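Observations on chain architecture
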Amino acid sequence: MKQADSQSTTKGPEGGQKHPGSGGPSPWVRRFAPLVPAGAPVLDLACGGGRHSRLFLERGHPVLAVDRDLSRLGALADDPRLEALTCDLEGGPPPSFLERRFGGIVVTNYLHRPLFGPLAAALAPGGVLIYETFAKGNERFGKPSNPHFLLYAGELLEAFQGRLDVIAYENVVVEQPKAAAVQRLCARAPAEEEETEAGE
Ligand SMILES: C[S@@+](CC[C@H](N)C(=O)[O-])C[C@H]1O[C@@H](n2cnc3c(N)ncnc32)[C@H](O)[C@@H]1O
């Protein structure tokens, strides 16, 4: 998708431009980060400035940070435990890094529906997906307002239930860092034994 609509900026308290993904980690991501198996590799998809890459690095995880523009990673790009990959996620078939297996995948403020399936498949057994992005209703608050970039009611839940074990799901309006309608999900890939049993 053309993401320009979802890359709106808002005025910060000092009047300067403030990116909606700037600042500290999302409370939703912070809340569920401890469920990612200790030391397991984490994928930060469409990482932007890397606020969630930083969170998981601090928690002791190696991180693959992917975005078409890594310029906002700054000094984080020099962290030896961070692998930074420039990639257009929408330019063709699912990118090859999704053939790897991750103990955690975090996606925030980014939506490209064809990646739902490949993301679920890229979780290692017991791996955790933490996803939060804009939903229908957000047009009341500003951008993104293009319906293509907004989840329809229940969409994030529908996308992953059945493939993953849903731990938590919300369709809410948040007030910070600015008012926004979002859906957010945390879900876990079945453990290896369950997969084997299902395959028998
Ligand atoms: C609103 S920002 C969110 C950044 C980060 N996930 C966060 O919440 O802080 C959306 C990000 O998606 C990236 N993006 C948009 N379209 C993309 C594409 N086709 N391929 C790769 N990255 C893309 C942008 O470069 C931007 O960093």
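Refer to the structure presented above.
Residues numbered from 1 in each chain as written. Predicted model: local features only at pLDDT ≥ 70, side-chain atom pairs only at ≥ 80, totals over all residues.

1. Let's talk about the overall build of the chain
Looking only at helices and strands, one finds five helices and nine strands in the chain. Across the chain, helices and strands are ordered from the amino to the carboxyl terminus as β-β-α-β-α-β-β-β-α-β-α-β-β-α. Counting across all 200 residues of the chain, residues that qualify as buried make up 36%. (Helix = DSSP H or I, 4+ residues; strand = E, 2+ residues; numbered from the N terminus. Buried ≥ 20, exposed ≤ 12 C-beta atoms within 10 Å, placed from the backbone.)

2. Focus on the environment of alanine 168
For alanine 168, the location among the structural elements is in strand S8 (residues 165-174). Alanine 168 gets classed as partly exposed once you count the C-beta atoms within 10 Å, which come to 13. When the C-alpha atoms of alanine 168 and phenylalanine 32 are compared, they prove to be 9.3 Å apart, with 136 residues separating the residues in sequence.

3. Topic: helix H2 (residues 51-58)
Of all eight residues making up H2, seven are buried, and the element is well covered by its neighbours. Elements that come into contact with the buried residues of H2 comprise helix H1 (27-32), strand S3 (42-45), strand S4 (63-67), strand S5 (82-86) and strand S6 (102-108). (Contact = placed C-beta atoms within 7 Å.)

4. A closer look at the pairing of S3
Side chains of S3 alternate between two faces, with Val42 and Asp44 and Leu43 and Leu45 buried alike. Pairing of S3 with S4, which is carried by four bridges, proceeds in the parallel orientation. Paired with valine 42 across the bridge in S4 is valine 63. One crossover worth recording links S3 to the parallel S4 by way of H2, and it is right-handed. (Pairing = 2+ DSSP bridges. Right-handed = clockwise from strand over helix to strand, strands pointing away.)

5. Describing the sheet that holds S4
Ordered by their spatial adjacency, seven strands build an open sheet running S5-S4-S3-S6-S7-S9-S8, and the pairing between neighbours is mixed. Edge positions in the sheet fall to S5 and S8, since each of these pairs with one other strand and no more. If you compare each strand with its neighbour and ignore which way they point, the axes differ by 10° on average. As judged from the nine bridges shared by S8 and strand S9 (residues 180-188), these two strands associate in the antiparallel manner. Of the residues in S9, the one forming a bridge with valine 166 is alanine 187. (Axes fitted to C-alpha atoms, helices over the stretch in contact; angles between N-to-C directions.)

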